[in-house]
Amino acid sequence: SQLAEENSWALSVHEGESVTVNCSYKTSITALQWYRQKSGKGPAQLILIRSNEREKRNGRLRATLDTSSQSSSLSITATRCEDTAVYFCATKGNTGKLIFGLGTTLQVQP
Amino acid sequence: EAGVTQSPRYAVLQEGQAVSFWCDPISGHDTLYWYQQPRDQGPQLLVYFRDEAVIDNSQLPSDRFSAVRPKGTNSTLKIQSAKQGDTATYLCASSFPNTGQLYFGEGSKLTVL
C-alpha cells in the first residue's frame, strides 16, 4: 500500500503562475522529500524536509510539512515551461526505506 | 562528477525470456537501490544494499527476480522468465548513508510482449 500520496492527479497552469502540489501520508516519518521526474529521466530531488521542520525553500520552490495532519505541500512560483514534469512526494520512516507516492503531473503552458 | 549509469536503456522481451539490468552508482555512494516504476505510477522499491549486503528485499519477487552487488559497487538486477506484468522502467539510485537524498539513473525501460 502507498504510504504517501499526492492529492491531485494532474494540474495545468500558464507560465508565470504559481501552483501548489499537495501530499498526504499515513505513517510516522523522519523526513519527506519532493522529487521531480521529467519525461524519460529518473526522479531528481527538489527538497528534503525533516519531521522537525515546518518549511523549506529552494529558489522558486517552497515545501511545507504539517506532521499533525500528516500532509505536505510543494509550491512553485513564477512557473516556467521547463517545470513541466511529474512531481512526487516520498516519505522515509524508521525502516529507512524511501516510499514514493503516485505522482502529480504538472503541465506548464506558454 | 558522473551520475548513476544504467544499461541497457531499453529491452523488449517475449514472455518467458530473461534479462539483466546493470547499474553503476556514483563513486563513494555505499547505498544502492532498485525501484520498479510501472507506467503512470510512482517508483516502487524492490531491493536496496548497503555495500554488498542486502538490507531489504521484501518487495522483490524472489521466484523470478534477483539482485546482487558483489563488491559493493556495481549491481545487477536479473529477471528470469519475464511476464507481461513486469513491463516497467527499472530505476537504480544511490546515496550516502543517512543523507536522505537519492540520485537516480535514467532507468532501463522493459517491455514484455
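Residues numbered from 1 in each chain as written. Chains lettered and ligands numbered in written order. Predicted model: local features only at pLDDT ≥ 70, side-chain atom pairs only at ≥ 80, totals over all residues. Heavy atoms only, no water.

**Topic: the overall build of chain B**
Along its length, chain B carries zero helices and 11 strands. Sequence-ordered secondary structure for chain B, helices as α and strands as β, is β-β-β-β-β-β-β-β-β-β-β. The C-alpha atoms of chain B give a radius of gyration of 13 Å, which matches the 13 Å a tight globule of 113 residues would have. Overall size of chain B, expressed as C-alpha extent along the three principal axes, is 40 × 25 × 25 Å. (Helix = DSSP H or I, 4+ residues; strand = E, 2+ residues; numbered from the N terminus. Rg over C-alpha atoms; globule rule 2.2 N^0.38 Å.)

**Thoughts on the overall build of chain A**
A tally of regular secondary structure across chain A gives zero helices and 11 strands. For 110 residues, the compact-globule formula gives about 13 Å, and the C-alpha radius of gyration of chain A, at 13 Å, lands near that figure. In terms of principal-axis extent, the alpha carbons of chain A reach across some 40 × 25 × 20 Å. Looking at the 110 residues of chain A, the share that counts as buried comes to 44%. Within chain A, contacts between residues separated by at least 24 positions form 53% of all contacts whose residues are at least 6 apart in sequence. Where the 13 positive side-chain charges of chain A centre and where its 9 negative ones centre are 8 Å apart. (Buried < 20%, exposed > 50% of the residue type's maximum accessible area, 1.4 Å probe, protein only. Contact = heavy atoms within 4.5 Å. Lys, Arg positive; Asp, Glu negative; His and termini not counted. Charge placed at Lys NZ, Arg CZ, Asp CG, Glu CD.)

**Brief notes about the confidence of the model for chain A**
Looking at chain A, the pLDDT average stands at 91 and 93% of residues meet or exceed 70. The least confident element of chain A, judged by mean pLDDT, is strand S1 (residues 4-6) of chain A at 67; the most confident is strand S7 (residues 61-66) of chain A at 97. (pLDDT = per-residue confidence, 0-100.)

**With respect to the interface of chain A and chain B**
Contacts between chain A and chain B engage 20 residues on the former and 19 residues on the latter. The three residues of chain A that bury the most area against chain B are A:Pro43, A:Lys97 and A:Phe100, which together make up 29% of that side's buried surface. The interface formed by chain A and chain B includes two salt bridges. For the salt bridge of A:Lys97 with B:Asp56, the shortest nitrogen-to-oxygen distance reads 3.3 Å. Along the contact surface separating chain A from chain B lie six residue pairs in polar contact (both at pLDDT 80 or more). (Buried area = accessible area lost by both parts, 1.4 Å probe. Salt bridge = Lys/Arg side-chain N within 4 Å of Asp/Glu carboxyl O. Polar contact = N/O pair within 3.5 Å; in protein donor to acceptor, adjacent residues only side chain to side chain.)

**Structural notes on the nonpolar core**
If you look at the biggest cluster of nonpolar residues, it comprises 23 residues, and the most contacted ones within it are B:Phe21, B:Trp34, B:Leu77, B:Ile79, B:Tyr90 and B:Leu110. Excluding its chain neighbours within four sequence positions, the residues that come into contact with B:Ile79 are B:Gln17, B:Ala18, B:Val19, B:Phe21, B:Arg64, B:Phe65, B:Asp86, B:Tyr90 and B:Leu110. Ranked by size, the runner-up nonpolar core spans 21 residues in total, among them A:Tyr25, A:Ile49, A:Ala63 and A:Leu74. (Core = buried A, V, L, I, M, F, W, Y, C linked by side-chain atoms within 4.5 Å.)

**Topic: the sheet that holds strand S7 (residues 65-68) of chain B**
Residue and element names in this part refer to chain B. A sheet is described by the order of its strands in space; here four strands give the open sequence S1-S3-S8-S7, paired in antiparallel fashion. Strands with a single pairing partner mark the edges of an open sheet, and in this sheet they are strand S1 (5-7) and S7. Mean inter-strand twist for the sheet, computed between neighbouring axes without regard to direction, equals 15 degrees. Alignment of strand S3 (residues 19-24) against strand S8 (residues 75-79), held across five bridges, turns out to be antiparallel. Bridge pairing in S8 places Phe 21 opposite Leu 77. (Pairing = 2+ DSSP bridges. Axes fitted to C-alpha atoms, helices over the stretch in contact; angles between N-to-C directions.)

**Section: the side chain of B:Gln6**
All names here are of chain B. Along the chain, the position of Gln 6 falls in strand S1. Gln 6 gets classed as buried once you look at its relative accessible area, which sits at 8%. A distance of 2.9 Å separates the side chain of Gln 6 from the backbone oxygen of Tyr 90, its partner in a polar contact.

**Comments concerning the environment of A:Arg60**
All names here are of chain A. Turning to its location among the elements, Arg 60 is positioned in the loop between strand S6 (55-58) and S7. For Arg 60, a relative accessible area of 22% translates into the label partly exposed. For Arg 60 and Leu 74, which are 14 residues apart along the polypeptide, the C-alpha to C-alpha distance reads 10 Å. Setting aside residues no more than four positions away along its own chain, Arg 60 makes contact with Ser 75, Ile 76, Thr 77, Ala 78, Thr 79, Arg 80 and Asp 83. A distance of 2.9 Å separates the side chain of Arg 60 from the side chain of Asp 83, its partner in a polar contact.

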